[in-house]
Amino acid sequence: MSIALSEQEIIRRESLKQLRALGINPYPAEAFDVNAWAQDITDNFANKPEAYQNVVIAGRIMTRRIMGSASFAEIQDSTGRIQIYLKRDDICPDEDKTLYNTVFKKLLDLGDYVGVKGYVFLTQTGEISVHVRELIVLSKSLKPLPVVRRDDEGNIYDAFTDPEMRYRQRYVDLTVNPAYKQIFVNRSKVISSMRNYFNAQGWMEVETPILQPVHGGAAARPFATHHNTLDMPLFLRIANELYLKRLIVAGFDGVYEFGKMFRNEGMDRTHNPEFTAMEIYVAYKDYIWMMAMVEECLETVAKAVHGIPVVQVGNNEINFAGPYEKLSMYDSILKYTGIDVSAMDEAALRETCAELKIEVNPTMGKGKLIDEIFSAKVEHNLIQPTYITDYPIEMTPLAKKHRTKDGLVERFELFVNGKEIANAYSELNDPIDQRERLEEQLVLAGRGDDEAMAMDDDFLRALEYGMPPTSGLGIGIDRLVMLMTNQSTIQEVLFFPQMRPEKKARVATADDFINAGVPAEWVPVLNKMGFNTVEELKAGNPNKVFNDLGGMRKKLKLDITMPAKEVVMAWFE
RNA sequence: GAUUCCGUAGCUCAGCUGGUAGAGCAUAACACUUUUAAUGUUGGGGUCCUGGGUUCGAAUCCCAGCGGGAUCACCA
């Protein structure tokens, strides 16, 4: 954080001091209870004008139009904007016109929070407005907000669009671009409607460890950390699957968890290092049952957000009402490439990949090769919700072997708009099979596959005690929200997407300057003059610095004592 | 990780073949009692992302770095 302030910031700090000098607390402690909101007033005033004769509203000043002894301003609260009308002699009925002439016209700025008491009326031009009887300062804003202007047709001028600033300063983004708040409202609806649906079925929301000694349940590189007291390595979870299954072993019928997962991998418009997943496990069910459940669940979610199960995503209208198309992995490849890979061995698959011009590497096993073909040739075709079922056993160490088809497992993934959003199995509950499958993963790891799954002995011990037949499902919540809100990047559905750290200007702390003998009030002035460290200052010309300090004092109209020349000279010793 | 584009006032952006940095809004001052992208007049405001290089002279050209976007690769 730079110490040097812009001209506008200095002016606002000066206004803050003057408010205090007038006996006005710019950050009052008392609650300010409102009884009306902008949206409510604009929607309902015409029908019930008598209900809006004593309104109390609060929010930020977003525009201001001053015309002598009358002014208009717009107040933005959580629901929108409403115009207020201030008349000098109404808010200052006595001789003292300070509140209007000084406080409102001079000391308040765009972005300040104020409270307003008054009555709603219609202006000559027909705009619903609040005629202010009383104006209360609630919070002074010291940094100017970007000003986004809109005209009558809703055209936007000077939009605040820089993605970097929008994501780093989401509070500014959502203040000046309030339309984006709807994405997060809808995100909340997605999660709450899903939670309500699960609870209605009698399943229980649980929490499982985020810090895990073994990172299991998925194939991904983890974030590693360390616990000091136990002096042991711990990993941020890449999945919670193995813990939820332990709870099925423990005797719960249905458990689910919404939670953050952490994967130490690339970032792009569909990947953030931490993301939200929902996993659910239901005992005595299989993946066929799960498909019907997902259809019902997603239809419920789509209706909660849009009122109907049809969602516009880009150029596609996606219909979340089931049943969804079902296609086996092998059939889907056959359908989109004309090639039957179901009987191929690893060598034949490599040859097929070469023919299809798909890049592969030697660490890839049979399952991975099939997945490559699927990703390259099939995935992007799956626009309407489609289940891809019955995966090769090699890619899926935690799913149960297919009841009738050798070499496959009972698994489906749900694809929508060309992207995977859900993954489900008939869960593997044969402890001996599970141990062998995890051992095969260790072999893959030995070949150099750094995402092969790790062995979890405690999980295997749990299975040995016995887990009922169970079906499990994972849904990527961020990607589901992207679909439900028609967004093409994950950053738009996360309040605070991961960013590289902001570059800090090389700035010494104020204390460093004070230790060098500089009075505290002059430190910002030196910063303003371009001296960000004591070393830079000492490298300067003492006489020039002394003269410039006087210049800055005059220019910035600073009301602080000029240091004696000897004092300034001492800074350079 | 690769390719490519971008980084100039609080915000949105101009700035040509290199010649002392511009606009609109915001901000400051004055005027104005129903405006609404308010208006009129007059001011102030800049580490041109950082560091090197070329040059008499760099916001501009070259190199490196930092940050961001897009595309691709990777990615259950």
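Residues numbered from 1 in each chain as written. Chains lettered and ligands numbered in written order. Predicted model: local features only at pLDDT ≥ 70, side-chain atom pairs only at ≥ 80, totals over all residues. Heavy atoms only, no water.

Helix and strand counts for chain A come out as 20 helices and 20 strands. Accessible surface, chain A: about 28800 Å² in total, of which carbon and sulfur atoms supply 51%. (Helix = DSSP H or I, 4+ residues; strand = E, 2+ residues; numbered from the N terminus. Areas by Shrake-Rupley, 256 points an atom, 1.4 Å probe, with all protein chains shown as cover.)

Turning our attention to the packing of aromatic side chains. The tally for this structure, following the rule as stated, stands at 15 aromatic pairs. When the ring of Tyr85 is compared with that of Phe121, the centres are 5.8 Å apart and the planes differ by 55°; the resulting orientation is tilted. Residue Tyr85 is found in strand 3 (residues 80-87), and its partner Phe121 is found in strand 4 (residues 113-122); the two are separated by 36 residues along the sequence. Taken together, the ring pairs connect Tyr197, Phe198, Trp203, Tyr256, Phe258 and Trp289 into an aromatic cluster. Its guanidinium or amino end placed over the ring of Tyr243, Arg246 lies 4.5 Å from that ring's centre, counting from NZ or CZ. For Arg411, the ring lying beneath its charged end belongs to Tyr391, and the centroid distance is 4.4 Å. (Phe/Tyr/Trp six-rings, centres within 6.5 Å; stacked < 30°, edge-to-face > 60°. Lys NZ or Arg CZ within 6 Å of the ring centre and 35° of its normal.)

Relative to the assigned elements, Asn272 resides in the loop between strand 12 (254-262) and strand 13 (274-283). Within the local environment of Asn272, its side chain forms a polar contact with the backbone oxygen of Glu274, the two atoms lying 2.9 Å apart. Within polar-contact distance, the side chain of Asn272 engages the backbone nitrogen of Gln498 at 3.1 Å. Those residues within four positions of Asn272 in sequence are excluded, and the remaining contacts are Ile490, Leu494, Pro497 and Gln498. (Polar contact = N/O pair within 3.5 Å; in protein donor to acceptor, adjacent residues only side chain to side chain. Contact = heavy atoms within 4.5 Å.)

What follows is about empty space enclosed by the protein. Counting across every chain of the model gives two cavities of 30 Å³ or more. Taken as a whole, the largest cavity spans an internal volume of roughly 90 Å³. In terms of lining, the largest cavity is formed by Ile61, Met62, Thr63, Arg81, Leu110, Gly111, Leu145, Pro146, Val147, Val148 and Val176. Examining the composition of the lining of the largest cavity, we find that three residues originate from one element, strand 1 (residues 55-67), more than from any other. Grouping the amino acids of the lining of the largest cavity by side-chain chemistry returns eight nonpolar, two polar and one charged. As a volume, the second largest cavity reaches approximately 40 Å³. Residue contributions to the lining of the second largest cavity peak at four residues, all from helix 8 (residues 241-249). Its residues assigned to classes, the lining of the second largest cavity comprises four nonpolar, three polar and three charged. (1 Å grid on protein atoms, 1.4 Å probe; cavity = no way out; pocket = protein on both sides within 12 Å on 5 of 7 lines; lining within 4 Å. Points joined across faces, edges and corners; volume = space filled by probe spheres on them. Nonpolar A, V, L, I, M, F, W, Y, C, P; charged D, E, K, R; others polar.)

The next thing to look at is the environment of Val493. Positionally, Val493 belongs in the loop between helix 15 (477-485) and helix 16 (510-515). Sequence separation between Val493 and Asp478 is 15 residues, and the spatial gap between their C-alpha atoms is 6.7 Å. Beyond its immediate stretch of four places on either side in the chain, Val493 contacts Ile183, Phe184, Arg187, Asp478, Val481, Met482, Thr485 and Gln487.

One pass over the structure, following the stated rule, counts 32 salt bridges. Residue Arg166 pairs with Glu492 through a salt bridge whose shortest N-O separation is 2.9 Å. Here Arg166 is found in helix 5 (residues 163-168), whereas its partner Glu492 is found in the loop between helix 15 and helix 16, with 326 residues between them in sequence. Exposure remark for Arg166: the relative accessible area of 3% places this residue in the buried category. (Salt bridge = Lys/Arg side-chain N within 4 Å of Asp/Glu carboxyl O. Buried < 20%, exposed > 50% of the residue type's maximum accessible area, 1.4 Å probe, protein only.)

To continue, consider helix 9 (residues 287-306). Here helix 9 is 20 residues long and its end C-alpha atoms lie 28 Å apart, about the 28 Å a rise of 1.5 Å per residue gives. Buried residues of helix 9: Tyr287, Met290, Met291, Met293, Val294, Glu295, Cys297, Leu298, Val301, Ala302 and Val305, and no others. Regarding helix 9, its N-cap is Asp286, as a side-chain oxygen of that residue lies 3.2 Å from the backbone nitrogen of Ile288 further along. Once helix 9 ends, the next one or two residues include Gly307, with phi positive near 85°. (Expected span 1.5 Å × (residues − 1).)

Turning our eyes to something else, we now look at the nonpolar core. Counting residues in each nonpolar core, the largest one holds 47 residues, and the members touching the most others are Met194, Phe198, Met278, Leu298, Phe320 and Leu473. Ranked by the residues each element gives to this core, the list is headed by helix 9, at ten residues. Look past the residues within four positions of Phe320 in its chain and what remains in contact with it is Glu295, Leu298, Glu299, Ala302, Pro309, Val311, Pro385, Val416, Leu483 and Met484. Among the nonpolar cores identified, the runner-up in size contains 41 residues, and Ile333, Leu369, Ala399 and Leu463 belong to it. (Core = buried A, V, L, I, M, F, W, Y, C linked by side-chain atoms within 4.5 Å.)

Most of strand 17 (residues 386-392) sits inside the fold, with seven of its seven residues counted as buried. Examined bridge by bridge, strand 16 (residues 325-328) and strand 17 share four bridges and lie parallel to one another. In the strand pairing of strand 17, Lys326 is matched with Tyr387. In the sheet, strand 17 pairs with strand 18 (residues 408-416) via six bridges, with the strands oriented antiparallel. Its bridge partner being in strand 18, Tyr391 is matched across the sheet by Val409. (Pairing = 2+ DSSP bridges.)

Mapping Val137 onto the fold places it in strand 5 (residues 128-139). Residue classification places Val137 among the buried positions, given a relative accessible area of 8%. Here the alpha-carbon distance between Val137 and Phe496, two residues 359 residues apart in the chain, equals 30 Å. Dropping the residues within four chain positions of it, Val137 is found in contact with Ile24, Asn25, Pro26, Pro28, Val103, Leu108, Tyr113 and Val114.

The five strands lie next to each other as 1-2-3-5-4, forming a closed barrel whose pairing is mixed. Across this sheet, the average inter-strand angle for adjacent strands is 50°, counted without regard to direction. Strand direction decides the pairing type here: strand 1 and strand 4, joined by six bridges, are antiparallel. By the bridge assignment, Val55 is partnered in strand 4 with Gly118. (Axes fitted to C-alpha atoms, helices over the stretch in contact; angles between N-to-C directions.)

To continue, consider unusual backbone geometry. We note that Asp158 has phi near 50°; this positive angle belongs to a residue other than glycine. Locating Asp158 in the fold gives a position in the loop between strand 7 (156-157) and helix 5. Residue classification places Asp158 among the exposed residues on the basis of a relative accessible area of 53%. The phi dihedral of Tyr284 is positive, around 65°, even though this residue is not glycine. Tracing the backbone shows Tyr284 in the loop between strand 13 and helix 9.

Attention shifts here to the side chain of Arg12. With respect to the helices, strands and loops of the structure, Arg12 is situated in helix 1 (residues 7-21). For the buried Arg12, which has no salt bridge, the nearest side chain bearing the opposite charge is Asp109, at an N-O separation of 4.1 Å. Filtering out sequence-adjacent residues up to four positions away, Arg12 remains in contact with Asp109, Leu110, Asp112, Lys140, Ser141, Leu142, Lys143 and Pro144. (Lys, Arg positive; Asp, Glu negative; His and termini not counted.)

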